[in-house]
Amino acid sequence: MAQAQEGDRFEKKEENSAPREKQLHFIEQIIADDEKSGKFGGRVHTRFPPEPNGYLHIGHAKSICLNYAMATENNGLFNLRFDDTNPAKEETEYVESILTDVRWLGADWQDRLCFASDYFQQMYDYAVDLIKKGKAYVCDMTAEEMSAARGTATEPGTPSPWRDRTVEENLDLFARMKAGEFPDGSKTLRAKIDMASPNFNMRDPVMYRIVHAEHHRTGSAWKIYPMYDWAHGLEDSIEGITHSICTLEFENHRPLYDWFLDQLGVYHPQQIEFARLNLTYTVMSKRKLLELVKGGYVSGWDDPRMPTICGLRRRGYTPESVRAFCRAIGVAKFNSTIDVTVLENAVREDLNRTALRRMGVLRPLKLVIDNYPEGETEWLDAVNNPENPADGVRKVPFSKVLYIEQEDFMEDAPKKYFRLTPGREVRLRYAYFVTCDSCVKDEEGRVTEVHCHYDPATRGGDAPDGRKVRGTIHWVSAEHARDAQVRLYDRLFSVENPDSASNPLDYKEYLNPESLEVIAHAKVEPALADGAAPGSAHYQFERIGYFYPDTESTAGNPVFNRTVSLKDTWAKVAQKG
RNA sequence: UGGGGAAUUGUGUAAUGGCAGCACGAAUGGCUCUGAACCAUUUAGUAGGGGUUCGAAUCCCUUUUCCCCAACCA
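Quick summary incoming for the structure in this document. (Residues numbered from 1 in each chain as written. Chains lettered and ligands numbered in written order. Predicted model: local features only at pLDDT ≥ 70, side-chain atom pairs only at ≥ 80, totals over all residues. Heavy atoms only, no water.)

**Digging into the overall build of chain A**
Test applied: Helical segments are the DSSP runs of H or I of at least four residues, strand segments are the runs of E of at least two, and each set is numbered from the N terminus. A radius of gyration in this sense is built from C-alpha atoms; the matching globule rule multiplies 2.2 Å by the number of residues raised to 0.38. Classification of residues uses two cut-offs on accessible area relative to the type maximum, computed with a 1.4 Å probe and protein chains only: under 20% is buried, over 50% is exposed, and between them is partly exposed. In this description, contact between two residues means that some pair of their heavy atoms is separated by no more than 4.5 Å. Calculation of accessible area relied on Shrake-Rupley with a 1.4 Å probe; when residues are assessed, cover is drawn exclusively from the protein chains displayed. Positive charge is attributed to Lys and Arg, negative charge to Asp and Glu, and no charge count is given to His or to the chain ends. The location of each charge is read from NZ of Lys, CZ of Arg, CG of Asp or CD of Glu.
Looking only at helices and strands, chain A features 15 helices and 25 strands. Taking 25 Å as the expected radius of gyration for a compact globule of 577 residues, we find that chain A reaches 31 Å, considerably beyond that expectation. For chain A, the spread of C-alpha atoms along the principal axes amounts to about 100 × 75 × 45 Å. The buried share among the 577 residues of chain A stands at 51%. Long-range contacts, defined as pairs at least 24 residues apart, comprise 71% of the intrachain contacts of chain A with a sequence gap of at least 6. Put simply, chain A shows about 27000 Å² of open surface, and 49% of that area lies on carbon and sulfur atoms. Between the mean site of the 73 positive side-chain charges and the mean site of the 90 negative ones, chain A shows a separation of 2 Å.

This is the structure in structure tokens:
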């Protein structure tokens, strides 16, 4: 290697070792470049454009977070816009839910709540303009005829017999379409582009169709409705959007997006496509989610097993955790599938910092402390959140008879089992050290009761002589325990990708029959029952997992949804044998 | 059999001709009044083949695989 070249390399190295800017993903890079070149006058304005025909899911969250982040990180603006151009599928119910979900996620559209339907007149005027330019025509073909004339991948389509109508005739017909003179499906307005284009989207695409239906906002004012390709670029243009971010399947549509805006000579935003989110063990298409709801496979859009925003919310996911997840998965053009454990870890990380610790026993087993005074109750201090001392301490009642978790006792325990087993001393969290003496069994050999004795000197959970115990278990005083229903959720599907070709059956065949387990009578400490109102707090049931009061929960009838379990190293050890 | 995209450790994502890095997972150890959290260490990658170059994940050629497109849906 020559000296000079060594020198070059060294300089490069110096450059690289300088403190580097945050690494940008490809959309951030495009925006940074545009700001540098002054392409949009340094402006950044994004939007999230849902069609109100279903509930938002985690995939939409990726898009919302992306668009909102691009705006806020660049001192820009973010619009929420309903793409309500198809009255047949859209409903106010969906508008309401979308508003709630976007707000919950924390994306703030300020005063820019937009509706495509507000632009219908303007779009109509633009269409008239296009007709006058000889770039659009009214076509009388039926949908079937049009499909047959579209051609194939290798052969061009055949031009519509109506393609060369005069401007006057087109203007007249289009006005009469608008006036409602023609039945559904009898005529369309089409762009006159290129029937031989290798891109089907350019083979004279439909701009307007006739639909005599009630629109959720404009009522029966309109008899014609714009198609997506025609409408979307106009919506972006009208709102002054700079970067129109959408998913990969619209890549083929970009030439058309550009064509319409160019023909009109109006303000022209830039469409950028990224890969939509796929998650293991679930489905993400609106059609399939709708089917799960309508078919009663789940309890509703907000069933905590659903990947919908409202389902995640009801399950106990926080907006912070969903945002952190969206940040973690990145943005690219590669069609990837994210392991659902990434989502689970995101909520664990957030809830570990913030959730209030409580004790609850899912599968109760009676523990009797033989040497503890009958009828006595002590109120012991328990830390609310060791990750945040400011959350303080609460009192937990302790007495002679307790409930512990069935799996925290084993009569014949393997060596690595640190919990209760005859002869072993463990700590009752925040209470006392107890040593197991014996157990009582029923006729079938099931353990019904465990007996132990305690060391009064270990009150609060510390041994004055400094002796250690390997295991600490949670408990609830039997006398003070309150009943709660606990719902344990598992993945909705039993295979990683219910949609994949490697799983040839209908996706519903792969529904996980054990995705919901209801525990009718869990035993929880009083503070949990008192804090069981919906939305009151996120909890960690110590050593078990994170739980969140269900929307049906009341103080008198507590219901907790398990958001996610704690990581369980012991389960792995036990499984290995 | 046309057009448009894409391929980097198990997963996801950087490196824009110059040390293949980061996160998550996993494994191991430490710590611990949660077998959690936390800390430390380890693990493992440029789809294949050619070429250009002092030097290629990056540029060129070629092969393979995957995704999207022929709704009056978005």
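**A word on helix α9 (residues 254–264)**
Taken together, the buried positions of α9 are occupied by Leu256, Tyr257, Trp259, Phe260, Leu261 and Leu264. Where α9 is buried, its residues meet α5 (120–132), β5 (188–191), β6 (206–210), α8 (228–239), β8 (243–247) and β9 (270–274).

**Some words on the side chain of histidine 253**
Structurally, the position occupied by histidine 253 is in the loop between β8 and α9. Owing to a relative accessible area of 18%, histidine 253 belongs among the buried residues under this scheme. Leaving out residues up to four positions away in the same chain, histidine 253 has contacts with Asn201 and Asp229.

**With respect to the nonpolar core**
What counts, and what does not: Each nonpolar core is a collection of buried residues, namely Ala, Val, Leu, Ile, Met, Phe, Trp, Tyr and Cys, held together in the definition by side-chain atoms within 4.5 Å.
Of all hydrophobic cores here, the largest spans 39 residues; its most connected members are Ile58, Val102, Leu279, Val322 and Phe325. Of all the secondary-structure elements, those providing two or more residues to this core are α3 (58–73), β2 (77–82), α4 (92–105), α11 (309–315), α12 (319–329) and α13 (340–354). For this core, the leading source of residues is α4, giving six residues. Contact partners of valine 322, with chain neighbours within four places excluded, come to Ile58, Ala61, Trp104, Leu105 and Tyr317. Residues Leu130, Met202, Ala231 and Trp259 belong to the second largest nonpolar core, which totals 36 residues.

**Re the pairing of strand β22 (residues 516–524)**
Here is the rule: Strand pairing is assigned whenever DSSP identifies at least 2 bridges connecting the two strands.
Pairing analysis gives two bridges linking strand β11 (residues 360–361) to β22, with the strands arranged antiparallel. Directly across from valine 361, in β22, lies its bridge partner lysine 523.

**What about the sheet that holds β2?**
The condition is simple: Axes here refer to lines fitted to C-alpha atoms; in helices the fit is confined to the stretch in contact. Angles between the N-to-C directions go from 0 to 180 degrees.
The sheet built from three strands is open, its strands ordered β1-β2-β3 with parallel pairing. The outermost strands of the open sheet, each flanked by one partner alone, are β1 (45–48) and β3 (113–115). Taking each pair of neighbouring strands and ignoring which way they run, the sheet shows an average axis angle of 35 degrees. Across three bridges, the pairing between β2 and β3 is parallel. Note that in β3 the partner of phenylalanine 82 across the bridge is phenylalanine 115.

**Focus: the sheet that holds strand β21 (residues 482–489)**
Reading across the sheet, the seven strands line up as β10-β23-β24-β25-β21-β22-β11 and stay open at both edges, with mixed pairing between neighbours. Whereas interior strands pair on both sides, the edge strands pair on one side only; in this sheet they are β10 (356–358) and β11. Examined bridge by bridge, strand β24 (residues 545–549) and strand β25 (residues 559–565) share five bridges and lie antiparallel to one another. In the strand pairing of β25, proline 549 is matched with phenylalanine 560. Packing against the sheet, α13 makes contact with β10, β24 and β25, and its axis sits at approximately 115 degrees to β25.

**Here's the deal with the protein's contact with RNA strand B**
Here is the rule: Nearness is defined per residue: one heavy atom within 4 Å of the molecule or strand is enough. Here a polar contact means two N or O atoms within 3.5 Å. Within protein one must be a hydrogen donor candidate and the other an acceptor candidate, and residues neighboring in sequence count only if both atoms are side-chain atoms.
Around RNA strand B, 69 residues are found, and the nearest of them are Gln23, Arg419, Arg427, Gly460 and Thr569. By atom count, sugar and phosphate contribute 65% of the portion of RNA strand B lying within 4 Å of the protein. Within the side chain of histidine 253, an N or O atom sits 3.3 Å from a base nitrogen of RNA strand B. At 3.1 Å, a side-chain N or O of lysine 572 approaches a phosphate oxygen of RNA strand B. Of all the secondary structure elements, the ones that give two or more residues to the surface near RNA strand B are α6 (143–148), β6, α13 and α15 (569–576). In terms of residues, the surface near RNA strand B owes the most to one element, α15, which gives four residues.

**Here's the deal with the environment of aspartate 391**
For aspartate 391, the position within the fold is in the loop between β13 (378–383) and β14 (393–398). For aspartate 391, the contacting residues outside a window of four places in its chain are Leu356, Asn384 and Asn385.

**Focus on the packing of aromatic side chains**
Here is the rule: Pairing of aromatic side chains requires ring centres within 6.5 Å, counting the rings of Phe and Tyr and the six-membered ring of Trp. Pairs whose planes differ by under 30 degrees are stacked, by over 60 edge-to-face, and all others tilted. Working rule: Lys NZ or Arg CZ, within 6 Å of ring centre, within 35 degrees of ring normal, means a charge sits over the ring.
This structure, assessed with the given rule, holds 25 aromatic pairs. With a centroid separation of 5.5 Å and 75 degrees between ring planes, the pair formed by tryptophan 259 and phenylalanine 260 is classed as edge-to-face. With respect to class, tryptophan 259 is no different from phenylalanine 260; both count as buried. Between the aromatic rings of tyrosine 417 and tryptophan 570, the centroid separation amounts to 5.5 Å while the plane-to-plane angle is 65 degrees, which identifies the pairing as edge-to-face. Of the two residues, tyrosine 417 is situated in the loop between β15 (401–405) and β16 (425–428) and tryptophan 570 in helix α15; the sequence distance between them amounts to 153 residues. Since its relative accessible area comes to 1%, tyrosine 417 is described here as buried. We classify tryptophan 570 as partly exposed; its relative accessible area is 23%. Members of the aromatic cluster, connected to one another through ring pairs, are Phe120, Tyr124, Phe174, Tyr208, Trp222 and Tyr225. For the cation-ring pair, lysine 178 lies above tyrosine 124, with the distance from its terminal atom to the ring centre recorded as 5.0 Å.

**Considerations on the packing of α5 against α8**
Spelled out, the test is: Throughout this description, any angle smaller than 35 degrees is read as roughly parallel, any larger than 145 degrees as roughly antiparallel, any in the 65 to 115 degree range as roughly perpendicular, and the remainder as oblique. Crossings are sorted by hand: turned counterclockwise from the far helix by less than a right angle, the near helix makes the crossing left-handed, and turned clockwise it makes it right-handed. Charged means Asp, Glu, Lys or Arg here, nonpolar means Ala, Val, Leu, Ile, Met, Phe, Trp, Tyr, Cys or Pro, and polar covers whatever is left, Gly included.
As a packed pair, α5 and α8 sit with axes 11 Å apart at the nearest point and diverge in direction by 115 degrees. Of the possible angle classes, the one that applies to α5 and α8 is roughly perpendicular. Both α5 and α8 take part in a crossing whose hand is right-handed. Across the interface between the two elements, Gln122, Met123, Tyr126, Ala127 and Leu130 from α5 touch Trp230, Ala231, Leu234, Glu235 and Ile238 from α8. When the residues that make up the contact of α5 with α8 are grouped by side-chain class, the tally is eight nonpolar, one polar and one charged.

**Some remarks on the pattern of salt bridges**
Applicable threshold: Salt bridge criterion: a side-chain nitrogen from Lys or Arg within 4 Å of a carboxyl oxygen from Asp or Glu.
Applying the stated rule across the entire model yields 47 salt bridges. Ionic pairing is found between arginine 429 and glutamate 542, a salt bridge with its closest N-O pair at 2.6 Å. Taken together, the positions of arginine 429 in the loop between β16 and β17 (433–441) and glutamate 542 in the loop between β23 (539–541) and β24 put the pair 113 residues apart, joining distant regions of the chain. Assessed through its relative accessible area of 25%, arginine 429 is described here as partly exposed. We classify glutamate 542 as buried; its relative accessible area is 5%. In this structure, arginine 482 and aspartate 530 form a salt bridge, with 3.0 Å as the shortest nitrogen-oxygen distance. Placement of the pair is arginine 482 in strand β21 and aspartate 530 in helix α14 (residues 526–530), with a sequence separation of 48 residues. Each of Arg47, Arg81, Glu235, Asp236 and Glu239 takes part in a single network of salt bridges with overlapping partners.

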